[in-house]
Amino acid sequence: SQQGEEDPQALSIQEGENATMNCSYKTSINNLQWYRQNSGRGLVHLILIRSNEREKHSGRLRVTLDTSKKSSSLLITASRAADTASYFCATSSQGGSEKLVFGKGTKLTVNP
Amino acid sequence: EAQVTQNPRYLITVTGKKLTVTCSQNMNHEYMSWYRQDPGLGLRQIYYSMNVEVTDKGDVPEGYKVSRKEKRNFPLILESPSPNQTSLYFCASSQLRVDGANVLTFGAGSRLTVL
């Protein structure tokens, strides 16, 4: 069962601009994570936000969580060509927290 | 280096020929899982394991088997592969945390084509 759904499916920006990706989910969560995948390679964990947190930062990444709207956003500031990748949200439901359900991803292209 | 290693990375096989994709992690992680990734469908969990000799079905287990005889290894077995199992497969592992968060470390992926 698919939990997270990212929006947009694809995003193309210029280097230096900010990129914002959104994730919506359906049921109550324990936490939400964001992962990055470079083309055809393994996913890499970026950041985790717990259900009782509203915002979290890590370097150029900013994640927000709105549990009332069941949505999260990932902001990448001052993007670089190396940020070109697909970004996935993954949710962990309350009561079954070891199971992660991934969305279909947002494909980000940062043009030099 | 802490990592999850999958082999083979690329494989082309024929319908019905049994194959095994190996997965090994060197981080002493308790939790291991297999996912398949298909265009338009995202990542879907096939099987997972909470510890040695403890395995359970994910969302798409049909046509697959797993075993967890040792903590570090979690092979994925396709007894009789079919073309609809053509996909990109990922193994992942994690150390389950007290707060319940499951942060996965992924392997590099195994691209399987079944003719």
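Residues numbered from 1 in each chain as written. Chains lettered and ligands numbered in written order. Predicted model: local features only at pLDDT ≥ 70, side-chain atom pairs only at ≥ 80, totals over all residues. Heavy atoms only, no water.

Let's talk about the pairing of strand S9 (residues 87-94) of chain B
Residues and elements named next belong to chain B.
Move 1: Across the eight residues that make up S9, a large majority, eight, are buried.
Move 2: Pairing of strand S4 (residues 31-38) with S9 involves seven bridges; the strand directions are antiparallel. In the strand pairing of S9, Arg 36 is matched with Tyr 89.
Move 3: Bridge count between S9 and strand S11 (residues 110-114): three bridges; the pairing is antiparallel. Bridge pairing in S11 places Leu 88 opposite Arg 111. (Buried < 20%, exposed > 50% of the residue type's maximum accessible area, 1.4 Å probe, protein only. Helix = DSSP H or I, 4+ residues; strand = E, 2+ residues; numbered from the N terminus. Pairing = 2+ DSSP bridges.)

Here's the deal with a nonpolar patch on the surface
Move 1: Judged by side-chain polarity, Ile 12, Val 14 and Leu 115 of chain B come together as a nonpolar surface patch covering roughly 320 Å² of accessible area.
Move 2: If you trace the backbone, Leu 115 of chain B turns up in the segment after S11. (Patch = residues over 30% accessible without salt bridge, like charges linked within 9 Å, V, L, I, M, F, W, Y side chains within 5 Å. Areas by Shrake-Rupley, 256 points an atom, 1.4 Å probe, with all protein chains shown as cover. Salt bridge = Lys/Arg side-chain N within 4 Å of Asp/Glu carboxyl O.)

Brief notes about the nonpolar core
All names here are of chain A.
Move 1: Ranked by internal contacts, the top residues of the largest apolar core, which has 21 residues, are Leu 32, Trp 34, Leu 74, Ile 76, Tyr 87 and Leu 108.
Move 2: Among the elements of the structure, strand S3 (19-24), strand S4 (29-37), strand S5 (43-50), strand S7 (61-66), strand S8 (71-76), strand S9 (85-93) and strand S11 (106-111) are those that each provide at least two residues to this core.
Move 3: Contact partners of Leu 108, with chain neighbours within four places excluded, come to Leu 11, Ile 13, Ala 19, Met 21, Ile 76, Asp 83, Thr 84, Ala 85 and Tyr 87. (Core = buried A, V, L, I, M, F, W, Y, C linked by side-chain atoms within 4.5 Å. Contact = heavy atoms within 4.5 Å.)

A word on the side chain of Gln 37 of chain A
Move 1: Tracing the sequence through the fold places Gln 37 of chain A in strand S4.
Move 2: Owing to a relative accessible area of 5%, Gln 37 of chain A belongs among the buried residues under this scheme.
Move 3: Engagement of the side chain of Gln 37 of chain A in a polar contact is seen with the backbone oxygen of Arg 41 of chain A, the distance being 2.7 Å.
Move 4: A polar contact of 2.9 Å, which involves the side chain of Gln 37 of chain A, links it to the side chain of Gln 37 of chain B.
Move 5: If we ignore the near neighbours within four places in the chain, the residues touching Gln 37 of chain A are Gly 42, Leu 43, Ala 85, Ser 86 and Phe 88 of chain A together with Gln 37 and Phe 90 of chain B. (Polar contact = N/O pair within 3.5 Å; in protein donor to acceptor, adjacent residues only side chain to side chain.)

A look at the pairing of strand S3 (residues 19-25) of chain B
Residues and elements named next belong to chain B.
Move 1: Burial runs high along S3: five of the seven residues are buried.
Move 2: Note that strand S1 (residues 4-7) and S3 share four bridges and pair antiparallel. For Val 4, the partnering residue across the bridge sits in S3 and is Gln 25.

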